[in-house]
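The residues making up each chain are set out below.
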Amino acid sequence: MNNKELAKVIIENVGGESNIKQLSHCFTRLRFTLSDDSKANTKVLESTQGISGVVTKGGQFQVVIGSEVSNVFREINNLIDITEDEFELGNTEKKEKLTFFDKFVDIIQGIFTPILAPLTAAGMLKAVLAVIVAFKWVDKASSTYQVINFMADATFYFLPILLANSAAKKFKCNPYLAMMLAGMLLHPNFSTMVAAAKEGGMAVTIFGLPIYNATYSSSVIPIILGVYLMSKVEPIADKISPKAIKFFTRPLITMFVVGVATLCVLGPIGYIISNFIATCVNTLNSYVGWLVPTVMGIVMPLLVMTGTHHSITPIGINNRMTMGYDTIVYPGQLASNVAQGAAALAVSIKTKNSELKQLCSATGITAVCGITEPVLFGVTMKIRTTLIASMIGGGVGGLFLGVLGIKNFSGGSPGLLTLPSYISTDAPMSNFYLACAGAAIAFVVSFAVSYFLYKEKKDDVIESTNSNVNRTVSDILIQPIKGDVQDLSEVKDETFSKELMGKGAAIIPVEGKVYSPVDGEVFNIFRTKHAISLKSDNGADIIIHVGLDTVKLEGKYFEALVKNGDHIKKGDLLLEFDIEKIKSEGYDLTTPVVIVNANDFKSIKHTNKNSEFIILEA
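Within each chain, residues carry numbers counting from 1 in the order of the written sequence. Note on the predicted model: pLDDT of at least 70 is required for a residue's local features to be given, and 80 or more for side-chain atom pairs to be given and counted; whole-chain, interface and lining totals, by contrast, use all residues. Side-chain numbers come from the whole structure's heavy atoms, not from hydrogens or water.

Peer 1: Whenever I open this one, the pattern of salt bridges confuses me. Can you help?
Peer 2: Two side chains of opposite charge can pair, provided their charged atoms sit close to one another. In what follows, salt bridge is the name for a side-chain nitrogen of Lys or Arg lying within 4 Å of a carboxyl oxygen of Asp or Glu. Taken as a whole and judged by the stated rule, the model has six salt bridges. Between R250 and D238 there is a salt bridge; the shortest N-O distance is 2.8 Å. Here the residue R250 occupies a position in helix α11 (residues 246–288), and D238 occupies one in helix α10 (residues 221–240), the gap between them amounting to twelve residues. Across the pair D566 and K563 runs a salt bridge, and its minimum N-O distance is 3.3 Å. Remark: exposure states derive from per-residue accessible area (1.4 Å probe, protein chains only) relative to the maximum for the residue type, with buried under 20%, exposed over 50%, and partly exposed in between. You can call K563 exposed: its relative accessible area is 56%. Sharing partners across several salt bridges, the network here consists of D238, K246 and R250. Only runs of H or I of at least four residues qualify as helices and only runs of E of at least two qualify as strands under DSSP, and these elements are numbered from the N terminus.

Have a look at this one:
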């Protein structure tokens, strides 16, 4: 399945274009904000090739893709024209109620996820520079060194501008005014005034209000506080501005009020908080420097599962911005990521299941390189022993790195490919060598534990979407709707005709009743009642989709006679629908009946002989 086909499947199974309010992505996940989460068909998505898992957290419906996520996002964006750059002034749309912690994580995630790419690029440039200096390929006094150095420093120096943009989108205010605010904090004239004030013992003031003697290059917290204030001031400025001159007065009022407040109050508060965090980290390193990297190495898989790892990332960034290095966040993540990859690679070597072997090897390599979501949702969450091994290996590796106080200088996605970020022209090479040793310890311990614990039997696999578990007998589906049977290839919807959702057949109904084709259970009735998902006693996952695009009817002319979780027998009446009224609305009533987990069966063929409809052979 190519990325365009996968994009179509995802759009269909998150409830269609009309159900998507917002879409963004990080390194591995598509992050949807849906109007109605109940419209999403998680089961189908999880069983779709190219998708590692589905997570609902913090008001987001997240589809884990892996390294191809940006390409899949681009295809979805081409199909439904949703961008990450939209913002609304004074957006009052009703939102899902979240706990304070969920709100905090969601905000941090929304602000820092979009800037991970430039941070990674800058970190790797720094790492490359450190390597070529260490091998004496470039002299620190040369112009080549100076150019690469300022190229790498650009992201860190202008970090407030990057954060202003992403924070404005998160807080729903104008991102260009937010970047202007960041420019005020970084303007060279302001920096010069602060330097002169420090030297002369004089305060910089505006209308008699003192401005704290601090500079904000590479800072994190001050600009976030400033943009948050802007999100509150901008709607007020919009409301009080006369309509005829609103275009001029709204930005004027916003920037004057927020600019002064940030320079005089919020900037200093953020500056003090940042230094306080750095002081706490130094104190922690002085007494129990081993503790946080050890805990981080153990619990990181659990944090990533819930998405709360994003709340920790800013601490590591702040450490590097204030102290020049981080010893608690990135070293622990390095040990955890490498350990997860090692655990999966051990299973890939031991298992005899060719599909599991391929999954574990591919996602394991990605994990040791620094991206763990594919292995987490594809392997770690499904095989208990790999989770245990990952936590043990990550903890041991984190302990080693913590005890020795290994320093990370430039960030990046923690893994083998970013090990050069432990090199600095101002630090001994032993820091890099010991970081490599810590990663190796995490790998070896996790690999050994995983290899020893993994037993290829049913109890060790929590869930598998492409195995023959429970497929011991064949099954015959009876025809669920009276009407003419046709091949899926004849359906005027590529999602079905190209078998993107699975194999099966279609029916052109002559009666508005849907009967159960199997003995089993009602897995999910769509909110709009136009489709129903069933699970047969023999393990077939079946979707009956009445009509094409009938989701747009919002349930009109449909009536469900069963509910989720009901046990059903072949021939039980499930749904009723009004054929004539649906036709009068202009909808095609062709009804696909799809076996979603078709790969679990040797063959699937349809027939209209007697009451037989689809024959499954295990």
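We are not done yet, so read on.
Peer 1: I'm lost on the packing of helix α6 (residues 143–157) against helix α7 (residues 159–171) in this one. Help?
Peer 2: Lines are fitted to the C-alpha atoms to define the axes, a helix being fitted only along its stretch in contact, and any angle between axes, read from their N-to-C directions, falls within 0 to 180 degrees. Following both chains from N to C, one finds α6 and α7 inclined at 50°, their axes separated by 5 Å at the closest point. By the criterion of interaxial angle, the relationship of α6 to α7 is oblique. Where α6 approaches α7, its residues T155, F156 and Y157 are matched on the opposing element by L159, P160 and L162. Under the grouping applied here, Gly and all other residues not named as nonpolar or charged are polar, the nonpolar ones being Ala, Val, Leu, Ile, Met, Phe, Trp, Tyr, Cys and Pro and the charged ones Asp, Glu, Lys and Arg. For the contact of α6 with α7, a count of residues per class yields five nonpolar, one polar and no charged. Here is the rule for angles: anything less than 35 degrees is roughly parallel, anything more than 145 is roughly antiparallel, 65 through 115 is roughly perpendicular, and the remaining ranges are oblique. Any two residues having at least one pair of non-hydrogen atoms within 4.5 Å are treated as being in contact.

Peer 1: Hey, could you run me through unusual backbone geometry in this one?
Peer 2: It is generally the case that most residues other than glycine have a negative phi and that most peptide bonds are trans. With a phi angle near 60°, K136 is a residue other than glycine that sits in the positive phi range. Inspection of the secondary structure assignment puts K136 in the loop between α5 (116–134) and α6. Of the residues examined, K136 reaches a relative accessible area of 73% and is grouped as exposed. Despite not being glycine, K529 shows a phi value in the positive range, around 65°. The residue K529 is located in the loop between β11 (520–525) and β12 (531–536) in this model. The exposure class assigned to K529 is partly exposed, which follows from its relative accessible area of 32%.

Peer 1: Explain the sheet that holds strand β16 (residues 573–577) to me, please; I cannot follow it from the model alone.
Peer 2: The strands making up a sheet are joined through hydrogen bonds of the backbone, oriented either antiparallel or parallel. When DSSP finds at least two bridges between two strands, those strands are taken to pair. Overall, antiparallel pairing links the three strands, which are arranged β10-β16-β14 in an open sheet. Two strands in the sheet have a free side with no partner beyond their single neighbour: β10 (513–515) and β14 (558–560). Averaged over neighbouring strand pairs, the angle between their axes works out to 15° when direction is ignored. The sheet contact formed by β10 and β16 spans three bridges and is antiparallel. Residue pairing for β16: Y515 is matched across the bridge by L573.

Peer 1: Would you mind showing me how to read the packing of aromatic side chains here?
Peer 2: Each aromatic ring pair is summarised here by two numbers: the centre-to-centre distance and the angle between the ring planes. Pairing of aromatic side chains requires ring centres within 6.5 Å, counting the rings of Phe and Tyr and the six-membered ring of Trp. Pairs whose planes differ by under 30 degrees are stacked, by over 60 edge-to-face, and all others tilted. Counted by the stated rule, this structure contains twelve aromatic pairs. Judged by centre distance (5.1 Å) and plane angle (20°), the rings of F135 and W137 are stacked. Neither residue differs from the other here; F135 and W137 are each classed as exposed. When the centroid spacing of 6.0 Å and the interplanar angle of 15° are considered together, the rings of F443 and F447 count as stacked.

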